[in-house]
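One letter stands for each residue in the lines below.
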Amino acid sequence: MKLEDELSSIEIFTSNIENPVIKQRVYQVLSWNIIKSTRYKRMFYILSILILILNASIPVINQIEKFPIVVTIIASISSVITGIITLINFKDVWYRYRVTAEKIKTECMLLNCRLGQYSCVNREKKFLIRIEEILAEDQESWIKSRFEDNETDEEDKWSNIFI
């Protein structure tokens, strides 16, 4: 689905939300996550394909003995791009944004159809609480992926030295 089509479909998910503040919040959060997931997905594919092309060109260029420095330059560029993909972690970030958007869409459809916890009078309050829980889970996941895993790896590395 194209980005523009997906963004225009947000209205389907938010049309039955009566409270304008909640409606605007959900619209903003869905837009943000859809745009971000699409951007990270595109960057992941573009850079991954570029790495494949660069790496595949090395043996071919290596056969041309007139340009030995070109092979070194291409290998260096490929290494830098690989490092960028690893550092920024495009695939995981893309996945995280997409999962958050899909969870919110699911909650919107449950609200629209008045199913589950949204079949009662206070359905929009419960809906808002659930949306904020999803966002808090996403933020917690981001913090763990960026900071806590690295600290654990660092501790494990040093603990093995003294064994």
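Residues numbered from 1 in each chain as written. Predicted model: local features only at pLDDT ≥ 70, side-chain atom pairs only at ≥ 80, totals over all residues. Heavy atoms only, no water.

K.L.:
Is there a simple way to explain the pattern of salt bridges in this structure?
P.N.:
Any two side chains of opposite charge can pair, so long as their charged atoms come close to each other. Counted according to the given criterion, the structure contains 11 salt bridges. Between Arg98 and Glu6 there is a salt bridge whose closest N-O contact spans 2.7 Å. With a gap of 92 residues between them, Arg98 in helix α5 (residues 90–112) and Glu6 in helix α1 (residues 3–8) connect regions that are remote in the sequence. We classify Arg98 as partly exposed; its relative accessible area is 22%. Where Glu102 meets Arg98, a salt bridge forms, and the shortest distance between an N and an O atom there is 2.9 Å. Here Arg98 and Glu102 lie together in helix α5, a separation of four residues that amounts to about one turn. A cluster of three or more residues bridged by salt bridges with shared partners is formed by Lys103, Glu107, Arg130, Glu133 and Glu137. (Salt bridge = Lys/Arg side-chain N within 4 Å of Asp/Glu carboxyl O. Helix = DSSP H or I, 4+ residues; strand = E, 2+ residues; numbered from the N terminus. Buried < 20%, exposed > 50% of the residue type's maximum accessible area, 1.4 Å probe, protein only.)

K.L.:
Which parts of the structure should I look at to understand unusual backbone geometry?
P.N.:
The general pattern is negative phi for most residues beyond glycine and trans for most peptide bonds. Even without glycine at this site, Asn89 takes up a positive phi of about 60°. Looking at the secondary structure, you find Asn89 in the loop between α4 (68–88) and α5. Given the relative accessible area of 30%, Asn89 is considered partly exposed. Positive phi is not limited to glycine here, since Arg114 has a value of about 55°. Relative to the elements of secondary structure, Arg114 occurs in the loop between α5 and α6 (123–161). On the basis of relative accessible area, Arg114 is assigned to the partly exposed category, the value being 46%.

K.L.:
What am I meant to see in the layout of surface pockets here?
P.N.:
One simple way to see leftover space: roll a probe sized like a water molecule over the atoms. Considering only enclosed or pocket space, the largest pocket measures out at about 330 Å³ in volume. Elements with a minimum of two residues in the lining of the largest pocket: α4, α5 and α6. The element that contributes the greatest number of residues to the lining of the largest pocket is α6, accounting for eight residues. Taken as a whole, the second largest pocket holds about 190 Å³ of empty space. At the level of elements, α1, α3 (20–63) and α5 are the ones that each hand at least two residues to the lining of the second largest pocket. Sorting elements by how many residues they give to the lining of the second largest pocket places α3 first, with four residues. Of the residues assigned to the lining of the second largest pocket, the class counts are three nonpolar, two polar and five charged. (1 Å grid on protein atoms, 1.4 Å probe; cavity = no way out; pocket = protein on both sides within 12 Å on 5 of 7 lines; lining within 4 Å. Points joined across faces, edges and corners; volume = space filled by probe spheres on them. Nonpolar A, V, L, I, M, F, W, Y, C, P; charged D, E, K, R; others polar.)

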